[in-house]
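One-letter residues, chain by chain:
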Amino acid sequence: SFDEWCSECEISETDAGLQICEEMQICLKALNADEQDILLLRDVEQLTYAEIADAFGISETLCRKKVSRARKKLKKALTETTEGKTVIRGRYKEI
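K.L.:
Could you give an account of the pattern of salt bridges, naming the residues involved and the relevant values?
P.N.:
Tallied over the entire structure, the rule returns 3 salt bridges. With a shortest N-O distance of 3.2 Å, glutamate 60 and arginine 64 are connected by a salt bridge. Taken together, the residues glutamate 60 and arginine 64, both in helix H5 (residues 60–79) and 4 residues apart, mark about one turn of the helix. Residue classification places glutamate 60 among the partly exposed positions, given a relative accessible area of 35%. Look at arginine 64 and you get partly exposed, because its relative accessible area is 44%.

So this is what it looks like as C-alpha cells:
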C-alpha cells in the first residue's frame, strides 16, 4: 500500500517529503482499493501493464484504461479544495 511505501521511502524522511506523503494519502482516499493498487504497482513499483494485467486477471488494454482513469481521478483529487486550501503538486495554496 502507499502507506507502507511512504514509511519505507527516503522522501518521507524530510519535512517536505512527509508533507507530500500526507497529501498523497489524503488524495488517494478518493480512489477505491483497486485503483490505489493499480497506481502503486504502475507508478511506484514500476511494473509493466502486462504484469499488472496478469496480476489482476484482466487484459492489458483494460489495465491501461484503469491506470488512466485512476490517474485522472487522483489528479482531480489533488486539485480539489479541502479546508480552504487547494492542493496543487504537493503544495498548499490559500484560496
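K.L.:
Please provide a residue-by-residue account of the packing of aromatic side chains, values included.
P.N.:
Taken as a whole, this structure holds 0 aromatic pairs when the rule is applied. Seen from the ring of tyrosine 49, arginine 42 lies directly overhead, with NZ or CZ sitting 4.1 Å from the centre.

K.L.:
Tell me about the nonpolar core, and name the residues and values.
P.N.:
Membership of the largest hydrophobic core comes to 15 residues, with the highest contact counts inside it found for Cys27, Leu31, Leu39, Cys63, Val67, Leu74 and Leu78. Taken together, the elements giving at least two residues each to this core come down to helix H2 (15–28), helix H3 (33–44), helix H4 (49–56) and H5. Here this core takes 6 residues from H5, the largest share from any one element. Apart from the residues lying within four places of it in its own chain, the contact partners of leucine 31 are Gln36, Leu39, Ala70, Lys73 and Leu74.

Definitions and cut-offs
One numbering rule holds for all chains: residues counted from 1, following each sequence as written. Residues qualify for local features only when their pLDDT is at least 70, as the model is predicted, and side-chain atom pairs are given and counted only at 80 or more; totals for whole chains, interfaces and linings, by contrast, use all residues. Each side-chain value is derived from all of the structure's non-hydrogen atoms; neither hydrogens nor water enter the calculation. The working definition used for a salt bridge is a side-chain nitrogen of Lys or Arg within 4 Å of a carboxyl oxygen of Asp or Glu. Going along the chain from the N terminus, every DSSP run of H or I of four or more residues is numbered as a helix, and every run of E of two or more is numbered as a strand. Residue burial is assigned from relative accessible area. The probe radius is 1.4 Å, only protein chains are included, and a residue is buried under 20% of its type maximum, exposed over 50%, and partly exposed in between. Ring geometry is summarised as follows: Phe, Tyr and Trp rings, the Trp one being its six-membered ring, pair when their centres sit within 6.5 Å, and such pairs are stacked at plane angles under 30 degrees, edge-to-face over 60 and tilted between the two. Remark: a charge is flagged as sitting over a ring if the NZ atom of Lys or the CZ atom of Arg is within 6 Å of the ring centre and within 35 degrees of the ring normal. Nonpolar core, defined: a set of buried Ala, Val, Leu, Ile, Met, Phe, Trp, Tyr and Cys residues in which side-chain atoms within 4.5 Å join the residues together. In this analysis, two residues are considered to be in contact whenever any of their non-hydrogen atoms come within 4.5 Å of each other.

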